[in-house]
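A look at the structure
This is what each chain is made of:
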Amino acid sequence: MKKTTLILLLIAASFGSGFAFKAALTASTHQPAELKRVTGIGGIFFKCKEPAKVRAWYKEHLGLQTNQYGAVFEWRQGADTLKKGFTQWSPFNEKTKYFAPSDKDFMVNYRVADLTALVTQLKKEGVAIVDTIETVDYGKFVHIMDVEGNKIELWESNDIEYEKLGIKMGAQTTK
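Worth saying up front: this structure is predicted, and the values here are computed from it rather than measured.

Section: a nonpolar patch on the surface
Taken together, the side chains of Tyr69, Leu165 and Met169 define a hydrophobic patch exposed on the protein surface, amounting to about 280 Å² of accessible area. Classification of Tyr69 by relative accessible area gives partly exposed; the value is 47%.

Structure (structure tokens):
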């Protein structure tokens, strides 16, 4: 009986030690999930002389469903095809200051998964952050500069609210 009890205690101690060792090993080698950066194109913005005329031309000749801001392309997200995604296309007046401090005639908006975490990482990497994160119903935005002086807009989208805003405006998407 003493021998059986001793063997059971040794087995229990072995299991306990094994679990403790595995927990300690896992805790010390666990790497945080890799930070997602850009997940897609959120918008294409460009300067032109007559934005209304450009919107009308694209509507007539290329079939874009335009509104006062440009056009919105609707698509399904690859990770979850039940979820909609949106990409904004917008011609801006050539005198706009929205692209400043860049002097370029275009700006790309990139969709990102976690804007706050990404901005923290970009700061560590020395990337020029132009402004602070702005939060609106349909997402969070911030602007950065690339190595050649192109202003880039980063957008953590809230596609559900973005779609509601479009419906409220009476806008149609281009599918």
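Focus on the pattern of salt bridges
Applying the stated criterion to the full structure yields six salt bridges. The salt bridge involving Arg37 is made with Glu125; its shortest N-O contact spans 2.8 Å. You can see Arg37 sitting in the loop between α1 (2-29) and β1 (38-48) and its partner Glu125 sitting in the loop between α3 (115-124) and β6 (128-129), a full 88 residues away along the chain. On the basis of relative accessible area, Arg37 is assigned to the partly exposed category, the value being 36%.

Regarding the nonpolar core
Val112, Leu115, Leu118, Val119, Leu122, Val142, Ile144, Ile152 and Leu154 form the largest nonpolar core, which has nine residues in total. Those elements that provide at least two residues to this core are α3, β8 (139-145) and β9 (151-157). Considering every element that reaches this core, the biggest residue donor is α3, with four residues. Excluding its chain neighbours within four sequence positions, the residues that come into contact with Leu122 are Arg37, Val127, Ile129, Ile144 and Leu154.

About the criteria used
Residues numbered from 1 in each chain as written. Predicted model: local features only at pLDDT ≥ 70, side-chain atom pairs only at ≥ 80, totals over all residues. Heavy atoms only, no water. Patch = residues over 30% accessible without salt bridge, like charges linked within 9 Å, V, L, I, M, F, W, Y side chains within 5 Å. Areas by Shrake-Rupley, 256 points an atom, 1.4 Å probe, with all protein chains shown as cover. Salt bridge = Lys/Arg side-chain N within 4 Å of Asp/Glu carboxyl O. Buried < 20%, exposed > 50% of the residue type's maximum accessible area, 1.4 Å probe, protein only. Helix = DSSP H or I, 4+ residues; strand = E, 2+ residues; numbered from the N terminus. Core = buried A, V, L, I, M, F, W, Y, C linked by side-chain atoms within 4.5 Å. Contact = heavy atoms within 4.5 Å.

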